[in-house]
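Here are the chains, one letter per residue:
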Protein chains: 2
Amino acid sequence: MPRRPADAQQRQAAPNLPAEPTQAGRFEQARRVQSMALLEDYAELIADLHATGGEARPTDIARRLGVTHATAIKAITRLKREGLATARPYRGVFLTEEGEQLAARVKARHLLVVEVLRAIGVPPDAAEQDAEGIEHHVSDITLQAFARFLKGLK
Amino acid sequence: MPRRPADAQQRQAAPNLPAEPTQAGRFEQARRVQSMALLEDYAELIADLHATGGEARPTDIARRLGVTHATAIKAITRLKREGLATARPYRGVFLTEEGEQLAARVKARHLLVVEVLRAIGVPPDAAEQDAEGIEHHVSDITLQAFARFLKGLK
DNA sequence: ACGAATATGATGCCAAGGCTACACTTTCTT
DNA sequence: AAGAAAGTGTAGCCTTGGCATCATATTCGT
Ligand SMILES: [Mn+2]
Ligand SMILES: [Mn+2]
Ligand SMILES: [Mn+2]
Ligand SMILES: [Mn+2]
């Protein structure tokens, strides 16, 4: 049945770029973004643990994320591989400079997303809950619009 | 080092319910939601293909999603397993009653999310892009707030 | 100081969701 | 009516991110 084109285009690498404005392009970008979500949450959490005067040890991280420590350790391995963290065995996890920067961006974005949801009238618990997933999909452009929106309110 | 409690609680099933208001509970809920995202996008897309007068065949679906047809076929297998779709070999995919209902809900939510982003001042392309990922994390409670927000604007 | 309690790390298992490659079926075109 | 073109399905491979289990390291409490 030779009706439509073929489906197997070249499908190059496409590192992390803007995404075509086609439906397929949007889905591809959404998948790319999703693949960063876990790293973002870990970075944000590790920074928070450090900021709260504590250490970021696998068990702490695991408990806060609701996963087993084995799962956390595997994710930490990925963080290290991606150059976002280092770890001293039995002594906890530390963010690299790049990791710190990611954490800072992610935290700011998280707070802004919650703030916008609240401003729209979303109840506090739902805002906190939904923001945990939504945040990762909020692009810089959208984030700027969020900031302008909040500024316009006060 | 026996400082903090243990991390391996019972961790029961937790089918799809409200989620504790703890940080771990929020992350758990976000993971549950994410595991539905793929099914939601497929259901929405299949309904759209049918609505647009066409058939929903693996290659159509794959092209629209930006994946290979093999990937689409695997996802369709999961849709069938979950009771959301049926398929007649070489004749396309069809949503069950439950699948149709899911598709309708997902489509309405998608549209509302885009509308809210636009209302906040997000440029059209970014709104379309970000909504593709955000939509899956918007709870019913939040969706209601979105509807009220839009109503209040006009 | 030493045993108990806890944390850590390693390993192996699983399912999801990508991919390529290849065989088969259907449809189109001549 | 073939033969070519396109779609479909299957199989096998990979990575991610869950899990449980076990061995080892550290720290606490007495
Ligand atoms: Mn998050
Ligand atoms: Mn967050
Ligand atoms: Mn989507
Ligand atoms: Mn959608």
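Residues numbered from 1 in each chain as written. Chains lettered and ligands numbered in written order. Predicted model: local features only at pLDDT ≥ 70, side-chain atom pairs only at ≥ 80, totals over all residues. Heavy atoms only, no water.

### Points about the coordination of the manganese ion (ligand 3)
Residue and element names in this part refer to chain B.
Moving on, step 1. In this structure, Asp41 (OD), Glu132 (O), Glu132 (OE), Glu135 (OE) and His136 (NE2) serve as the protein donors to the manganese ion (ligand 3), at separations of 2.0 to 2.3 Å.
Moving on, step 2. For the manganese ion (ligand 3), the donor residues sit on a single chain with the sequence spacing D-x90-E-x2-E-H.
Moving on, step 3. The two metals, the manganese ion (ligand 3) and the manganese ion (ligand 4), are separated by 3.6 Å and share glutamate 132 as a common coordinating residue. Of this pair, aspartate 41 sits in helix H1 (residues 23–51) while histidine 136 sits in the loop between helix H5 (124–134) and helix H6 (140–153); the two residues are 95 residues apart in sequence, bridging distant segments of the chain. Histidine 136 carries the same exposure label as aspartate 41, and that label is buried. (Donors = N, O, S within 2.8 Å, 3.2 Å for Na, K, Ca; no water. Helix = DSSP H or I, 4+ residues; strand = E, 2+ residues; numbered from the N terminus. Buried < 20%, exposed > 50% of the residue type's maximum accessible area, 1.4 Å probe, protein only.)

### What to know about the packing of aromatic side chains
Moving on, step 1. Per the counting criterion, the structure on display carries 1 aromatic pair over all chains.
Moving on, step 2. Ring plane angle 85° and centroid distance 6.1 Å describe the contact between phenylalanine 149 of chain A and phenylalanine 149 of chain B, whose orientation is recorded as edge-to-face. On the criterion of chain membership, the pair formed by phenylalanine 149 of chain A in helix H6 (residues 140–153) and phenylalanine 149 of chain B in helix H6 is interchain, its members lying in two chains. (Phe/Tyr/Trp six-rings, centres within 6.5 Å; stacked < 30°, edge-to-face > 60°.)

### Topic: the layout of surface pockets
Moving on, step 1. Space inside the largest pocket adds up to approximately 870 Å³.
Moving on, step 2. Lining the largest pocket are 34 residues, with Gln29, Val33, Val138, Ser139 and Asp140 of chain B positioned closest to its centre.
Moving on, step 3. Breaking the lining of the largest pocket down by element, the ones donating at least two residues are helix H5 (124–134) of chain A together with H1, helix H4 (97–120) and H6 of chain B.
Moving on, step 4. Top element by residues in the lining of the largest pocket is H1 of chain B. It accounts for 8 residues.
Moving on, step 5. Looking at the lining of the largest pocket, its residues break down into 14 nonpolar, 8 polar and 12 charged.
Moving on, step 6. Of the voids in this model, the second largest pocket is the one considered here, and its volume is about 740 Å³.
Moving on, step 7. Taken together, 28 residues line the second largest pocket, and the ones lying closest to its centre are Gln29, Val33, Val138, Ser139 and Asp140 of chain A.
Moving on, step 8. Counting residues per element, the ones that place at least two in the lining of the second largest pocket are helix H1 (23–51), helix H4 (97–120) and H6 of chain A together with H5 of chain B.
Moving on, step 9. Sorting elements by how many residues they give to the lining of the second largest pocket places H1 of chain A first, with 6 residues.
Moving on, step 10. Grouping the constituent residues of the lining of the second largest pocket by class yields 13 nonpolar, 6 polar and 9 charged. (1 Å grid on protein atoms, 1.4 Å probe; cavity = no way out; pocket = protein on both sides within 12 Å on 5 of 7 lines; lining within 4 Å. Points joined across faces, edges and corners; volume = space filled by probe spheres on them. Nonpolar A, V, L, I, M, F, W, Y, C, P; charged D, E, K, R; others polar.)

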